[in-house]
Amino acid sequence: SCIRYRCGLTNTIQDVLNHRPGWVEVKDDAEWDFNWCDVGWLRENFDHSYMEEHVRICHFRNHYELTRKNLMVKNLKRYRKTLEREVGRLEAAKCDFFPRTFELPSEYHIFVEEFKKSPGNTWIMKPVARSQGKGIFLFRKLKDIIDWRKDGSRSEEQKDEAQVESYVAQRYIENPYLIAGRKFDLRVYVLVTSYIPLKAWLYRDGFARFSNTRFSLSSIDDQYVHLTNVAVQKTAPDYDPEKGCKWQMQQLRWYLTAKHGFETVQTLFKEIDNVFIRSLLSVQKTIINDKHCFELYGYDILLDQDLKPWLIEVNASPSLTASSQEDYDLKYRLLEDTLHIVDMEGRLTGKEKRIGGFDLMWNDGPVYTDVGLEALGSSCLVANTHLGCVNDREKQLQQLLKPFPGQKKT
């Protein structure tokens, strides 16, 4: 029997679905078993859709609790307070990986108090629900954000008018880690297949996105210096689409290890794992869990000069459009492995710790590698995460997966 799929996007995911043996695309309102939809379709249709047991869809209903910039921070702040109250300050401090953030206009007055404590600092303004760097700007003076001030003197007629769009004001990381004088951030992929219990997978491949222009705080109006989004960088006059502004995660890990040593880089990547786990735990009780849903998140992480990772944002619809052949190959493999884990064909046991390029990171608790644990002893448990490490996925998949129905095993 075939698997009927619906796809609302026309990029790499469409190619992956087209090439999957036994999968057939359906259009419009025809019945489907698998739906890779955009968040707009989800918002309009999820509540009116009856889904049979086997059906799968690529978003949780209220995914925005983690992927809207204001809600992500609100949930993290609440989670940190809960930890401090129930476990203590030391544990709560493990959540200190997001910059001081305020929602405007609602928290304008609290923000002003914080702003006045350290005059001259740089802040960054971001619309809460936009992506690809749209609407973002840096500022150092309150007069630059006068439009976001909550004004209690508005008349009743004015109050009925369209409200000012919500933004977050976030302390800008003024000391980013630079390579060749350029700022970069990391795009890392995390797949969540369940929130209750929490089951999350980390993809080994990802990339560092570089700005096209050398970093400087003297020109806060230059987007090409401060925003690493490809959507922004590719509009630069000297952008080279062949060269792009990306390093594969493996290249970055090699570079950092050569410069800072194995131990330092191991610690850094453990701290990055902590960002993923804590952020997911912060919304675990808020996200509406549904056995039909899964979510492929695109995490944006920034490193500062001290090699401390900062969570910038989480994307519910990370770009699947390729900026180069290398980028296309990475995204194709990522999406293929996502479909292997969702397992519409029923080829897995459910006990796997690695599927293709994905490693099981959390399964109602931390997951540890099986390799050499007996030799190491239980006191040396090693996290089952391998971001930026070798990704021999084809070999691994050949050993793991039974052939597709009607397909001979190669």
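Residues numbered from 1 in each chain as written. Predicted model: local features only at pLDDT ≥ 70, side-chain atom pairs only at ≥ 80, totals over all residues. Heavy atoms only, no water.

As named in an unreviewed UniProt entry, the protein chain is Tubulin--tyrosine ligase-like protein 9, taken from Danio rerio.

### Notes on the sheet that holds strand β2 (residues 23-25)
One open sheet holds the four strands; their spatial order is β2-β1-β3-β4, and the pairing between them is parallel. Looking along the sheet, the strands with just one partner apiece sit at the ends: β2 and β4 (56-57). Where strand β3 (residues 34-36) lies against β4, two bridges are found, and the strand directions are parallel. Across the sheet, the residue bridging to F34 is R56, located in β4. (Pairing = 2+ DSSP bridges. Helix = DSSP H or I, 4+ residues; strand = E, 2+ residues; numbered from the N terminus.)

### Side note on the sheet that holds strand β5 (residues 101-104)
As summarised here, the arrangement of the four strands in space is β5-β8-β6-β7, forming an open sheet in which the pairing is antiparallel. In this open sheet, the two edge strands, each paired with only one partner strand, are β5 and β7 (137-139). Ignoring strand direction, the axes of neighbouring strands in this sheet form an average angle of 25°. The sheet contact formed by β5 and strand β8 (residues 167-171) spans four bridges and is antiparallel. Residue pairing in the sheet places T101 in a bridge with Q170 of β8. (Axes fitted to C-alpha atoms, helices over the stretch in contact; angles between N-to-C directions.)

### Concerning the packing of helix α10 (residues 249-260) against helix α11 (residues 262-283)
Relative orientation of the contacting elements α10 and α11 amounts to 130°, with a least axis distance of 7 Å. The orientation of α10 relative to α11 falls into the category oblique. Residues R253, L256, T257 and H260 of α10 pack against F262, T264, V265, Q266, L268 and F269 of α11. Considered class by class, the residues forming the contact of α10 with α11 number five nonpolar, four polar and one charged. (Parallel < 35°, antiparallel > 145°, perpendicular 65-115°, else oblique. Contact = heavy atoms within 4.5 Å. Nonpolar A, V, L, I, M, F, W, Y, C, P; charged D, E, K, R; others polar.)

### Regarding the packing of helix α4 (residues 69-86) against α11
Close contact between α4 and α11 brings their axes to 9 Å; oriented N to C, the two are set at 95°. Relative to α11, α4 is oriented roughly perpendicular. On α11, the residues that touch N75, L76, R78, Y79 and L83 of α4 are R278, S279, L281, S282 and V283. Tallied by class, the residues present in the contact of α4 with α11 amount to five nonpolar, three polar and two charged.

### Overview of unusual backbone geometry
One can expect most non-glycine residues to show negative phi and most peptide bonds to be in trans. Geometrically, the link from L104 to P105 is a cis peptide bond, its omega value of 10° lying close to zero. Topologically, P105 is positioned in the loop between β5 and α6 (108-117). Looking along the chain, the bond that leaves I196 and enters P197 is cis, with omega of -5°. Along the chain, P197 falls in the loop between β10 (182-195) and β11 (198-203). Even without being a glycine, L307 presents a positive backbone phi close to 60°. Positionally, L307 belongs in the loop between β14 (295-303) and β15 (309-315). Phi is positive for D343, close to 55°, though the residue is something other than glycine. By secondary structure assignment, the location of D343 is in the loop between α12 (325-342) and β16 (354-355).

### Details of the pairing of β15
Across a regular strand the side chains alternate sides, sitting on one face of the sheet and then on the other. Counting buried positions over the seven residues of β15 gives seven, a clear majority of the element. Here six bridges tie β14 to β15, and the two strands are oriented antiparallel to one another. If you follow L302 over to β15, its bridge partner there is W310. With antiparallel pairing between neighbouring strands as the criterion, β14 and β15 make up a hairpin whose turn holds five residues, including L307 at a positive phi of roughly 60°. (Buried < 20%, exposed > 50% of the residue type's maximum accessible area, 1.4 Å probe, protein only.)

### Let's talk about the environment of Y79
Examined against the element boundaries, Y79 turns out to sit in helix α4. As for Y79 and A92, which are separated by 13 residues in sequence, their C-alpha atoms are 8.3 Å apart. Those residues in contact with Y79 that sit more than four places away from it in its chain are C95, R278, L281 and S282.

### Points about the environment of L256
Within the fold, L256 resides in helix α10. Owing to a relative accessible area of 1%, L256 belongs among the buried residues under this scheme. Sequence-wise, L256 and L268 are twelve residues apart; in three dimensions their C-alpha atoms are separated by 9.9 Å. In this view, L256 contacts Y177, G261, V265, L268, L303 and L307; residues no more than four positions away in its chain are not counted.

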